[in-house]
Amino acid sequence: MKQQVRLLAASAASFALLSAALPAAASTYGQTRYPIVLAHGMTGFDNIGPIDYWYRIPSNLRANGATVYVTQVSAFNSSELRGEQLLQQVEEIVAVSGKPKVNLIGHSHGNHSSRYVAGVRPDLVASVTSVSGPTFGSPVADVVQGVSDLGGPTLTKVIASVVSGLGKLVALLSGNPQLPQDSFAGMQSLTTKGAADFNRRFPGGVPSTPCAQGPEVANGVRYYSWSGVGQIHNLLDPADYALALSGLAFLGKPNDGLVGQCSSHLGKVIRDDYRMNHLHTVNQLFGLVGLGVDPVGTYRVHANRLKMAGL
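Residues numbered from 1 in each chain as written. Predicted model: local features only at pLDDT ≥ 70, side-chain atom pairs only at ≥ 80, totals over all residues. Heavy atoms only, no water.

(A) Representation of the packing of aromatic side chains within the structure. The tally for this structure, following the rule as stated, stands at 6 aromatic pairs. Arranged with centres 5.1 Å apart and planes meeting at 80 degrees, the rings of Trp226 and Tyr299 form a pair that is edge-to-face. Taken together, the residues span a long stretch of sequence, with Trp226 in strand S8 (residues 221-228) and Tyr299 in helix H9 (residues 295-308) at a distance of 73 residues. The exposure class assigned to Trp226 is buried, which follows from its relative accessible area of 2%. Cluster of aromatic residues (ring-pair linked, three or more members): Tyr53, Trp54, Trp226 and Tyr299. (Phe/Tyr/Trp six-rings, centres within 6.5 Å; stacked < 30°, edge-to-face > 60°. Helix = DSSP H or I, 4+ residues; strand = E, 2+ residues; numbered from the N terminus. Buried < 20%, exposed > 50% of the residue type's maximum accessible area, 1.4 Å probe, protein only.)

Okay, structure coming up:
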C-alpha cells in the first residue's frame, strides 16, 4: 500500500498515564488476560467533548477488571488505511501494557480495521470481535455508489468533498486533525464488491456464505460477532428515524439500518438479532435504546467470555 499512514498523536507515555489514572476495578468479572482495544466505525471517534462514541462501555468494562484502550483512526477512509492506523496503535499498546497481544472489538467499519490487523500481525491479536460489522458489505454503500455513478464525476467529487469535510470536522473536534479523510475510498470499501475483495485478502473468520457461521479460529486468532435488527426501538432517539430510512436499501431483509443481519456474521456468531439498531450496539445516542435493552451488558458479558477462553 503506497498511501502514507499517519500515526495518532498519542505517545506511549500518555497511554501509561491514562492507565495509571484509572480507578481500581470493582470486580474481576471482565478481567481478560489481554487488553481490550475498541475500534470505532465510519464517522467514529474516541470522544468529542462530553460525547463518547462508546457511551459508558469502557468505564463499565474497567469497573469489571478489564484493561481497555480506545483508539481513533480516520473517520472516512479505506479499510486498509484505517487498519494500518489501528495497527500502529496496537503496537504501541502492546509496548505500553507489557502484554504480547490484544483483544480487538470493532464496531461497524471497525470490523475491517480489526481484521486487517489480525491479518497482517496475527502474533499481536488474541481475538477479533465484530459488532454490527459489514463483513459482506452494505446495500446502503451500494446505493450511494450507484447514485454517484449516475451523477458522473462532478457529483462524485461534490459528494466526496462534503463527506470528507465532515470527517475532517470530526477529526478536528476530537483533537486529531492530522488524520487523512477520504470518503470515496471508505464508501468503496463497504460496498458488497469492495467487501468481497477485502474478504479474499483477509479471510480470517469469514463464513463461506453470508448467513453461516465462520471459522472460530484462524491463524491462531479467535473470531466472534454479534449484531441487532430493526431500526426504531426508541421514539425519543432521532437517529432511529434516519436508520429506518437507510434501512429501505435492504428491500425488506432483516437489518439494523446500515448492516444486514447475515452480513454481520464473522467467526462464532454470538447473536444476530438483538433488539438494537446500528447505533444502539454502542449505546448511542446517549443510552437512548429500547426498553429493557442493555448494550453495555453485552460487552461486559463478552469480556467474561474472553476471560473464560483464556484471552
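(B) Inspection of a nonpolar patch on the surface at higher detail. Together, Ile232, Leu235 and Tyr241 line one region of the surface with nonpolar side chains, adding up to about 320 Å² of accessible area. Mapped onto the elements of the fold, Ile232 is located in the loop between S8 and helix H8 (238-246). (Patch = residues over 30% accessible without salt bridge, like charges linked within 9 Å, V, L, I, M, F, W, Y side chains within 5 Å. Areas by Shrake-Rupley, 256 points an atom, 1.4 Å probe, with all protein chains shown as cover. Salt bridge = Lys/Arg side-chain N within 4 Å of Asp/Glu carboxyl O.)

(C) Seen up close, the pairing of strand S6 (residues 125-131). Taking burial as the measure, the 7 residues of S6 include 7 buried ones, the bulk of the element. Where strand S5 (residues 102-107) meets S6, 6 bridges bridge the pair, whose relative direction is parallel. Bridging across to S6, Gly106 finds its partner in Ser130. Between the parallel pair S5 and S6, the chain is carried across by helix H4 (residues 110-120), and the sense of this crossover is right-handed. (Pairing = 2+ DSSP bridges. Right-handed = clockwise from strand over helix to strand, strands pointing away.)

Remember, this is a structural readout, not a statement about activity or role.
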